[in-house]
Structures are given as C-alpha cells and as structure tokens.
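# Coordinate analysis (summary)
Residue-level listing of the chains:
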Amino acid sequence: MARLLFLCAAVFLSGCAAHQPGSPLPLASDGQVAEAEAAPLADMAAEAHWNDPFPPFKVIGNIYYVGTTGVSSWLITTPRGHFLLDGGLPQTPPQIIANIQTLGFDIRDVKYLLNSHAHFDHAGGLAALQKATGATLAASAADRGVLETGRVGYGPTSDISVPPVRVGRIVRDGDRLSLGSVSLIAHLTPGHTPGCTSWSVDVRGDDGALHHAFFHCSTTTGGQTLVPESYPGMIADYRATFAYMRKVDADIFLANHANFFDLADKRARQLAGDAGAFVDPAALQEFNAQSEQEFNAQLARERDASSR
Ligand SMILES: [Zn+2]
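Residues numbered from 1 in each chain as written. Predicted model: local features only at pLDDT ≥ 70, side-chain atom pairs only at ≥ 80, totals over all residues. Heavy atoms only, no water.

## Section: the overall build of the protein chain
To keep things clear, this is the line we draw: Put simply, DSSP H or I for four residues or longer makes a helix, DSSP E for two residues or longer makes a strand, and each gets a number counted from the N terminus. For the radius of gyration, the atoms used are the C-alpha atoms, and the globule rule reads 2.2 Å times the number of residues raised to 0.38. Between buried and exposed lies partly exposed: a residue is buried under 20% and exposed over 50% of the maximum accessible area for its type, with that area taken using a 1.4 Å probe on protein chains only. Areas reported here follow the Shrake-Rupley algorithm with a probe of radius 1.4 Å; residue values treat only the protein chains shown as occluding.
Helix and strand content of the protein chain: ten helices and twelve strands. For a compact globule of 308 residues, the expected C-alpha radius of gyration is about 19 Å, and the protein chain comes in at 19 Å, within 12% of that figure. Viewed in the frame of its principal axes, the protein chain has a C-alpha envelope of about 65 × 55 × 35 Å. The buried share among the 308 residues of the protein chain stands at 53%. Total accessible area computed for the protein chain in this model is approximately 13700 Å², and 55% of it derives from carbon and sulfur atoms.

Structure (structure tokens):
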C-alpha cells in the first residue's frame, strides 16, 4: 500500500507517464493552475513579448482572434456552441477568457477545445480553459501523452512543465468535429511535434463569399535539433508534412504565432477598411516553401557540423 501511494505521488508530482493504461491522469488541480498563472513567464516568452495583450477582433465570418500579441488563440463560433483553438501560455487564460467576453460570447458555450501542438506556449493554458468551459479537448494520439502529463521531455522546452489537461477525443487525419453545420477538419502535420495538428474550416465573409481558412500547426523547427533528431522520425515527419501542405488549398492562412501570418499588419489593414485583409491565397504556400527552405538549411548545417 505504501509502495502504491509512493508511486501515485511520484506520478502526480513528476507528471510521468507510468500510469496504468485505461486510468487517465487527472486534470490539473485549481492550485496547480493558479500557481502556473502566477509564475513568471519563461525567458523565451518574456523576451518575445508573447503574453502582451492584443485587442480581440473578428477575423472573418465566425472566426475571432482571442489570443495575445505573440501567441494565437482562435474562437470559431456557432449557434450550437463554440470551438476554441489553443490555450496560450500557462499565464494566458485570463486574457483569453476576458477577450471572449469582450466580443460578447460566453466562455461556457465553448464545447470543443483544440490544440495545434503540445508545447507550453499553445497548450499551457488548456487546463485552466478546460476548467472554465467543461469542454472536450480533441487532440491527436501522438501529442496526448505530453498534454496529459504537462511535460514535453525533449527539445528546448523540456524543462518547462505546464498544468496537465485531459484529452477527451483523439483525432486522426481528415476527422471532422462538428457543431451544428460548422465542421473543423483535422490535418495531422507532424514534425514540430509528433502530434502537430493543423485545422481548417469553411467560412463565409460578410460579402457572402466562401473561403477556406487553414490554422497551421507550424513547420518551423523552433530551436529543436534535427541532428540528432529531437524525437525519432522527426526528419521524415517534416518531409511528409511539407509534401502534405503543398496539396492544401486555403485562401486564409492563420497560425499559432502572430509573426507567422503578420497579425499586426493584417489587423491594421482591416481597421483601415480592408474587409479582405486576411484573405491571401498565396500565403500558406509561401509559408510552407520558406519553412522547407529553412528546414533544409538547418539540416545541412547540423549534418555538416556532426560529420566534422
Ligand atoms: Zn512549438
């Protein structure tokens, strides 16, 4: 019994994945969430001003920006409840909740929580948001363990732990999550993390035109090494995802860091009267081509360095 208690305590404290299959780890406690919210920002987040506030706004149709200056969170609304994509940093949820309220929506109407990938800057706030919404978190199987333990275990964020969250639904490539007539499509785009998941949705602009919006998970390496691979199979995952992206046709490119899709610039143009500021049929392919070029350059550099 003492041994069992010790094991349970060890699992809780370390967030390790040594629990029995079929017995999910618990959602973070209120105390863990409060402590994470009050903690100082990680250096990389503070230096890049990732958690500075950004006024929430309607992007187009039923898509709203509710994130910060540096890290995106997206609200996709429907009369049957809402989708909320990404939870920001552990310190971000009060801003996301206030932003949703400012836009006139009720956080309790969020039915699905989604995550682009299980890194601290996009998954850190999910536990707090799950508590505030009671929503089901949908994620791909390959990122589930990190979400449910709050620890990545590899790469430059491996020493950062975040409040663990519960995954209620596993999605595969092409799966649709629907609320009424609005469906979000999951695109498994691994590389940046093993479970990196992009999402897309049809959206109608105020002029009645139909668009396809793509929420990119990220194909940057984000400070992770390719030689050696930060996780086994990473290089093959990136290559498959670059090829996958070449076949995606979307005219609204959105992503989880503001600088990936020029948030401030596009929002300024929108405020100046350009209703189509976020419509750009070339942006996704440009981002993909640039990421692939940077990936290949990093891989060549690291292979060269490792062979010396
Ligand atoms: Zn990341």
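## Re empty space enclosed by the protein
Formally: With a 1 Å grid spanning the protein atoms alone, the term cavity applies to any set of points in which a 1.4 Å probe fits but cannot get out, the term pocket to an open set with protein on both sides within 12 Å along at least five of seven lines, and the term lining residue to any residue with an atom within 4 Å of a point. Grid points are joined across faces, edges and corners, and a volume is the space filled by probe spheres set on the points. Here the term charged refers only to Asp, Glu, Lys and Arg, the term nonpolar to Ala, Val, Leu, Ile, Met, Phe, Trp, Tyr, Cys and Pro, and the term polar to all other amino acids, Gly among them.
Under the counting rule described, the total for this entry stands at one cavity of 30 Å³ or more. In terms of lining residues, the largest cavity is bounded by 15 residues, among which Ala118, Phe120, Val146, Gly150 and Val162 are the most central. Every element with two or more residues in the lining of the largest cavity is listed here: helix 5 (120–123) and helix 7 (141–149). Taken together, the residues of the lining of the largest cavity sort by class into ten nonpolar, four polar and one charged.

## Considerations on the coordination of the zinc ion
The criterion, for reference: Metal coordination here is assigned from N, O and S atoms located within 2.8 Å of the ion, or within 3.2 Å for Na, K and Ca; omission of water means that sites may look incomplete.
Taken together, the protein donors to the zinc ion comprise His117 (NE2), His119 (ND1) and His192 (NE2), at separations of 2.1 to 2.2 Å. Ordering the donors of the zinc ion by residue number gives the pattern H-x1-H-x72-H. Of this pair, histidine 117 sits in the loop between strand 5 (110–114) and helix 5 while histidine 192 sits in the loop between strand 9 (182–188) and strand 10 (197–204), and the two are 75 residues apart along the sequence. We note that histidine 117, like histidine 192, is buried.

## Here we look at the nonpolar core
Let me state the cut-off plainly: Among buried residues, those of type Ala, Val, Leu, Ile, Met, Phe, Trp, Tyr and Cys that are joined through side-chain atoms within 4.5 Å constitute a nonpolar core. Whether two residues are in contact is decided by their heavy atoms: any pair within 4.5 Å suffices.
Within the largest apolar cluster, 41 residues are counted, with the highest numbers of intra-cluster contacts made by Ile63, Trp74 and Leu254. The greatest single-element share of this core, amounting to four residues, is contributed by strand 12 (residues 252–255). When sequence neighbours within four positions are dropped, the list of residues in contact with leucine 254 reads Val59, Ile63, Trp74, Ala213, Phe214, Phe215, His216, Phe261 and Phe278. One finds Leu113, Leu126, Leu147 and Leu226 within the second-largest nonpolar core, a separate group that totals 34 residues.

## Things to note about the state of the cysteines
Put simply, the rule is: We call a pair of cysteine sulfur atoms a disulfide whenever their separation is within 2.5 Å.
Inspection of every chain in the model, using the stated rule, returns one disulfide. The disulfide partner of cysteine 196 is cysteine 217, and the S-S distance across this bridge is 1.7 Å. With the S-S bond torsion at -90°, the cross-link from cysteine 196 to cysteine 217 turns out left-handed. Residue cysteine 196 is found in the loop between strand 9 and strand 10, and its partner cysteine 217 is found in the loop between strand 11 (210–216) and helix 8 (234–246); the two are separated by 21 residues along the sequence. Looking at cysteine 217, the relative accessible area reads 0%, which means it is buried.

## Here we look at helix 4 (residues 93–102)
Residues that lie three or four places apart on an α-helix share one face, since the helix turns once every 3.6 residues. What counts is decided by this rule: This arc describes the spread of directions from the helix axis toward the C-beta atoms.
Of all the positions in helix 4, only Pro93, Gln95, Ile96, Asn99 and Ile100 are classed as buried. Down the axis of helix 4, the buried side of the element spans an arc of 160°, and every buried residue falls inside it. Helix 4 presents Gln101 and Thr102 as exposed residues on the side facing more than 90 degrees away from its buried surface. Buried residues along helix 4 sit against helix 2 (30–38), strand 3 (74–76), strand 4 (82–85) and helix 6 (126–133). Trailing helix 4 by a residue or two, glycine 104 shows a phi angle of about 95°, which is positive.

## With respect to the side chain of aspartate 121
Applicable threshold: Here the positive residues are Lys and Arg and the negative ones are Asp and Glu; neither His nor the chain ends is included. Counted as salt bridges are all cases of a side-chain nitrogen of Lys or Arg within 4 Å of a carboxyl oxygen of Asp or Glu. Contacts described as polar in this section are N or O atom pairs within 3.5 Å, which, within protein, must combine one atom able to donate a hydrogen with one able to accept it, while residues neighboring in sequence count only if both atoms come from side chains.
Looking at the secondary structure, you find aspartate 121 in helix 5. Buried charge without a partner: aspartate 121 forms no salt bridge, and the closest opposite charge is arginine 151, 15 Å away. A polar side-chain atom of aspartate 121 sits 3.2 Å from a polar atom in the side chain of histidine 122. Ignoring sequence-local partners within four residues, the contact set of aspartate 121 consists of Trp50, Val71, Gly88, Leu89 and His257.

## Details of the packing of helix 2 against helix 6
The condition that has to hold: To get an axis, a line is fitted to the C-alpha atoms, and for a helix only the part in contact is used. The angle between two axes follows their N-to-C directions and goes from 0 to 180 degrees. With respect to orientation, any angle under 35 degrees is reported as roughly parallel, any angle over 145 as roughly antiparallel, any angle of 65 to 115 as roughly perpendicular, and every other angle as oblique. Crossings are sorted by hand: turned counterclockwise from the far helix by less than a right angle, the near helix makes the crossing left-handed, and turned clockwise it makes it right-handed.
Running from N to C, helix 2 and helix 6 cross one another at 130°; their axes reach a closest spacing of 9 Å. Classified by the angle between their axes, helix 2 and helix 6 sit oblique to one another. Taken as a pair, helix 2 and helix 6 cross one another with a handedness that is left-handed. Along its contact with helix 2, which presents Asp30, Val33 and Glu37, the element helix 6 presents Ala127, Ala128 and Lys131.

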